[in-house]
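# What the coordinates show
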Amino acid sequence: MGLFGSPRERRLWLWAFAVVALIFASLGFSGRLIDLLSDDTAGAAAFSVALLLVAATILTDGLQSRPTRIEVAVASGMVAVILMVFLRLTLAERSHLIEYAVLAVFIHAALTERVEQGGRVRWPAVLSILAAAAIGVIDEAIQLTLPHRVFDPIDMLFNMLAAGSAVVAGLVLARVRRSVRI
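Residues numbered from 1 in each chain as written. Predicted model: local features only at pLDDT ≥ 70, side-chain atom pairs only at ≥ 80, totals over all residues. Heavy atoms only, no water.

### So, a nonpolar patch on the surface
Quick note on the threshold: The patch calculation keeps residues exceeding 30% relative accessible area without a salt bridge and links them within 9 Å when they carry like charges or within 5 Å when they are nonpolar (Val, Leu, Ile, Met, Phe, Trp, Tyr). Surface accessibility follows the Shrake-Rupley procedure with a 1.4 Å probe radius. Residue values consider only the protein chains on display as shielding. For salt bridges, the criterion is a side-chain nitrogen of Lys or Arg within 4 Å of an Asp or Glu carboxyl oxygen. The numbering of helices and of strands both runs from the N terminus, where a helix is a DSSP run of H or I of at least 4 residues and a strand a run of E of at least 2. Between buried and exposed lies partly exposed: a residue is buried under 20% and exposed over 50% of the maximum accessible area for its type, with that area taken using a 1.4 Å probe on protein chains only.
On the surface, a nonpolar cluster with roughly 610 Å² of combined accessible area is contributed by Trp123, Val126, Leu130, Leu157, Met160 and Leu161. The element best represented in the nonpolar patch is helix 6 (residues 153-181), accounting for 3 residues. Its relative accessible area of 44% is what places Leu157 among the partly exposed residues.

Okay, structure coming up:
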C-alpha cells in the first residue's frame, strides 16, 4: 500500500489539509471577518450556511447511501441538537465548531477508508479527534505570536469537543445504518 490506500482516501486527506490551510490562513484576517459578521443579518446568514455545511459533512460521512426513515429521524434529531448548541454560542465559538467539526469528520473518513482498504489504523475515531485537537493546539499556539489574537486554553478544549461531537455523530449515524440494514 502506498501513501494512500485508495483515490477516495487521497481526496479525503486533501480536503482535511484544505480545512487546516483555511484555519491557519484565517489567523491573519479573522478580526476583520468577525467585524464584518458582527452585523446581525450578515452573521446569521453566514453561520446558517456554515451550519448547513457542517451538517452536510456529518450526514455525508454517516449516511453513504439512501437513508431509511429511522436514519432520517436520528439525523434530524442530531441536527436539531447541533442547531440548539450552535445558536447558544458566541461568534468565535461558532467558528471553532465549524472548523474543527468538519476537520475531524474528514480525518475520520480518511482513516476509516484506509482501514476499509486493508490498512491498519487503531481506533480511527479517537485518532481523528486527537489529530483535530492537536491542530487546535497549534492554532492557539500560533496566536501567542500574533498581536491581534488571543491565546485561550478554553478554545483548545472547545476544538476537541467540536471534533468529538462531529465524529460521534457520524459514528451514531453509521451504527443506526448498520442496525437498520441487518
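### Section: the pattern of salt bridges
Tallying each qualifying case throughout the model produces 2 salt bridges. Between Glu113 and Arg8 there is a salt bridge, and its shortest N-O distance comes to 3.1 Å. Of this pair, Glu113 sits in helix 4 (residues 91-116) while Arg8 is found in helix 1 (residues 7-37), placing the two residues 105 residues apart along the sequence. Classification of Arg8 as partly exposed rests on a relative accessible area of 27%. Arg114 is paired through a salt bridge with Glu9; the nearest N and O atoms lie 2.7 Å apart.

### Some thoughts on the packing of aromatic side chains
Our working rule: Any Phe, Tyr or Trp ring, taking Trp's six-membered ring, that has another such ring centre within 6.5 Å forms a pair; planes under 30 degrees apart are called stacked, those over 60 apart edge-to-face, and the others tilted. To sit over a ring, a charge needs its Lys NZ or Arg CZ within 6 Å of the ring centre and within 35 degrees of the ring normal.
On inspection of all chains with the given rule, the structure shows 2 aromatic pairs. Ring geometry for Trp15 against Phe106: centres 6.0 Å apart, planes inclined by 15 degrees, an arrangement best described as stacked. Placement of Trp15 in helix 1 and of Phe106 in helix 4 is noted, with a sequence separation of 91 residues between them. Relative accessible area serves as the criterion here: at 51%, Trp15 is assigned to the exposed category. By relative accessible area, which is 15% here, Phe106 ends up buried. Between the NZ or CZ atom of Arg122 and the centre of the ring of Trp123, over which it lies, the distance is 5.6 Å.

### Here we look at the nonpolar core
Cut-off, in case you're wondering: Buried Ala, Val, Leu, Ile, Met, Phe, Trp, Tyr and Cys residues that are joined via side-chain atoms within 4.5 Å together make up what is termed a nonpolar core.
Core analysis: the largest hydrophobic core is formed by 25 residues, its most contacted members being Trp13, Ala16, Val19, Tyr100, Leu103, Phe106 and Ile107. Where this core is concerned, the elements lending two or more residues are helix 1, helix 4, helix 5 (124-143) and helix 6. With 10 residues, helix 4 is the largest single contributor of residues to this core.

### Regarding the side chain of Glu140
If you trace the backbone, Glu140 turns up in helix 5. The class of Glu140 is buried, set by a relative accessible area of 0%.

### Quick notes on the environment of Val115
Selection criterion: Contact criterion: two residues are considered in contact whenever any of their non-hydrogen atoms come within 4.5 Å of each other.
Looking at where Val115 falls in the secondary structure, it is placed in helix 4. Between the C-alpha atom of Val115 and that of Gly5, which follows or precedes it by 110 residues, the distance is 8.5 Å. Not counting the four nearest positions on each side in its chain, Val115 is found in contact with Val121 and Pro124.

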